[in-house]
Amino acid sequence: MIRDITLGQYYPGGSAVHRLDARTKIIATLVYIAALFVVNNFWGFLIAAASLFTVIAISRVPLKFIFRGLTAVFLIIAFTFIINLFMVDGRVLWEWKFLSITYEGLQRACFMAVRLVLLIIGSSMMTLTTKPIELTDGLEKLLNPLSKIGVPSHEIALMMTIALRFIPTLMEETDKIIKAQQARGADFESGNLLSRAKALIPILIPLFISSFRIAQDLALAMEARCYHGGEGRTRMNQIRFHRGDAAAAVLLIAFLGVIIASRWI
Amino acid sequence: MTIEVKDLKYIYSPDMPGETTALDGVSFDVTEPSIIGIIGHTGSGKSTLLQHLNGLIKPTSGEIYIDGECITDEKKNLTDVRRKIGLVFQYPEHQLFEETVAKDVAFGPKNLGLEEEDIDRRVRRALYMVGLDYDEVADVSSFELSGGMKRRAAIAGVIAMEPAILMLDEPMAGLDPQAHRDMLALIKKVQRDMKLIILIVSHNMADVAELSDRVLVMSKGRIIMDDGPHEIFKRYDELSAMGLSVPPAAEIAQKISKKVKGFESNPLSIRELADDIEEFRRTKR
Ligand SMILES: Nc1ncnc2c1ncn2[C@@H]1O[C@H](COP(=O)(O)OP(=O)(O)OP(=O)(O)O)[C@@H](O)[C@H]1O
Ligand SMILES: [Mg+2]
């Protein structure tokens, strides 16, 4: 069902990872993603994967839950793998008509797939262990220095908050509309591509209208509570770095060092 | 047309943080055309139950038989099921999408693969059943109708499939008093004219009392009472312990009988209560 998509979802918990400041987690995730592109051999990936799974173990988010999120992007991973598999020149391992698989291609495809999987798991670890509100608060704080040069950091953060907040609402709405049209005999599963695309109309139009209705209600509710932008706005929960964040920073720098060193193994 | 529900269980998002047991062993039978009210606290599983009955959700365990045919079977063709069983969701007007009312009402029959003439006949009949004038609304965009008319157009879209069982999830929610009264009359009329089994979920006890031949009370995914409306609404204390109310007339009668010795009444409507008071005064004198 549509609700089973776990990407971007929060998994409630009280682990050390959950308690880290959102800013730490955002930076760590960015560093981790960058590190994945620094890695160029098997050992590097092994280290990256081991580190990630250590973090997962500490966070106590069930593996099953994380992998369920991966199935949603399985197609993208498979596509990348196949493209890389056939597109790289080098020592030929297998050949058939115009298709050939090379040793280098196989290696590149495997690396790419592993890189994508780690990247997705890594970034979903951030959203799984951080409340959306904390995440956007953290982002706003991080972007704050940039507001001096005209980056609307508060607005960006607010847009993200709203988007995150309404993902489940819109999914629920979609689910309801699909069911309602199915109840009227709509069939989304059979027929050729064109008729399937056409079958989406009874879903998309009501969904559009619903989104506008929801947006309008939200705007009204915000205005009724005197929302007037980010200027002079205080917040209920101040975010602060703690000792755990310092420890995380040390570990992160160590990790980055090891990863860079791994290029010369 | 009969419905037979056997020990239905359903769990939302099993093994996930939001795991919820929405139905926890629901069983009931319906054997003849009638209106059945379903009441229960919010989250008690009413909507989930309705969605099972036309195959939108597959139960975690348990079976449903419609006319003796098992619809929870893996291989069952669900289009057949949905042809026989219409489900009107809460706020059905949110699902309107066609350019005109007539086209929208025709969506269901078209999906059944009917002939053009047959579709047209059904659209006319359905609009007539819900009290909309075909010539007036057929070529109008549904977005131009009033709230109550939109709701009726959406219900016509399900009635046009000519189901033998019609399920309505809170059809009265958010209607103004006039549209509300019209909706009550409409449901009664549809039941009478089309000889349907109607299952209706509502939070409005007066509506349930007025419409239902039988009432199912749900709590925490189970059916805990299943009886005629008089018998159900007599159990004032049990219902209020569950956070449910009784029709206003029943509540007033309850209060009077506490103050006035010998007065006993078990009304569903103000009319019945007035009759009982009249009767009581006559016997007293
Ligand atoms: N799509 C869903 N995913 C997960 N849980 C759900 C979903 N739909 C309903 N639930 C949960 O299942 C339980 C029963 O919900 P259901 O909608 O059937 O209740 P209801 O009796 O119709 O309530 P209401 O009177 O508020 O409409 C609730 O606890 C609800 O939170
Ligand atoms: Mg409901």
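Read on for an overview of the structure. (Residues numbered from 1 in each chain as written. Chains lettered and ligands numbered in written order. Predicted model: local features only at pLDDT ≥ 70, side-chain atom pairs only at ≥ 80, totals over all residues. Heavy atoms only, no water.)

1. Let's talk about the interface of chain B and chain A
Right, on to step 1. Each partner contributes to the interface: chain B provides 24 residues, whereas chain A provides 24 residues.
Right, on to step 2. Of the roughly 2,200 Å² buried between chain B and chain A on both sides combined, carbon and sulfur atoms contribute 64%.
Right, on to step 3. The three residues of chain B that bury the most area against chain A are Met16(B), Gln95(B) and Phe97(B), which together make up 26% of that side's buried surface.
Right, on to step 4. Put simply, Arg184(A) and Asp104(B) hold a salt bridge, and the shortest N to O gap is 2.9 Å.
Right, on to step 5. For the interface between chain B and chain A, the tally reads five residue pairs in polar contact (both at pLDDT 80 or more).
Right, on to step 6. Among the secondary structure elements, those contributing two or more residues to the side of chain B that touches chain A are helix H3 (101-111) and helix H6 (147-159) of chain B.
Right, on to step 7. Top element by residues in the side of chain B that touches chain A is H3(B). It accounts for four residues.
Right, on to step 8. Residues of the side of chain B that touches chain A, tallied by class, amount to 13 nonpolar, eight polar and three charged. (Contact = heavy atoms within 4.5 Å. Buried area = accessible area lost by both parts, 1.4 Å probe. Salt bridge = Lys/Arg side-chain N within 4 Å of Asp/Glu carboxyl O. Polar contact = N/O pair within 3.5 Å; in protein donor to acceptor, adjacent residues only side chain to side chain. Helix = DSSP H or I, 4+ residues; strand = E, 2+ residues; numbered from the N terminus. Nonpolar A, V, L, I, M, F, W, Y, C, P; charged D, E, K, R; others polar.)

2. Considerations on a nonpolar patch on the surface
Right, on to step 1. A surface patch of nonpolar side chains, about 570 Å² in accessible area, is lined by Ile201(A), Ile205(A), Phe208(A), Ile209(A), Phe212(A) and Phe143(B).
Right, on to step 2. Mapped onto the elements of the fold, Phe143(B) is located in the loop between helix H5 (134-137) and H6. (Patch = residues over 30% accessible without salt bridge, like charges linked within 9 Å, V, L, I, M, F, W, Y side chains within 5 Å. Areas by Shrake-Rupley, 256 points an atom, 1.4 Å probe, with all protein chains shown as cover.)

3. Some thoughts on the layout of surface pockets
All names here are of chain A.
Right, on to step 1. When its volume is computed, the second largest pocket comes out at roughly 980 Å³.
Right, on to step 2. Contributing to the lining of the second largest pocket are 34 residues, with Ile 133, Asp 137, Thr 161, Arg 233 and Arg 235 lying nearest its centre.
Right, on to step 3. Of all elements in the fold, only helix H1 (16-19), helix H7 (132-143), helix H8 (153-183) and helix H10 (201-224) reach the threshold of two or more residues within the lining of the second largest pocket.
Right, on to step 4. Among the elements that make up the lining of the second largest pocket, the one with the highest residue count is H8 (seven residues).
Right, on to step 5. Residues from two domains meet in the lining of the second largest pocket; each of domain 1 (1-130 + 237-265) and domain 2 (150-233) gives at least three. (1 Å grid on protein atoms, 1.4 Å probe; cavity = no way out; pocket = protein on both sides within 12 Å on 5 of 7 lines; lining within 4 Å. Points joined across faces, edges and corners; volume = space filled by probe spheres on them. Domains from an automatic or database assignment.)

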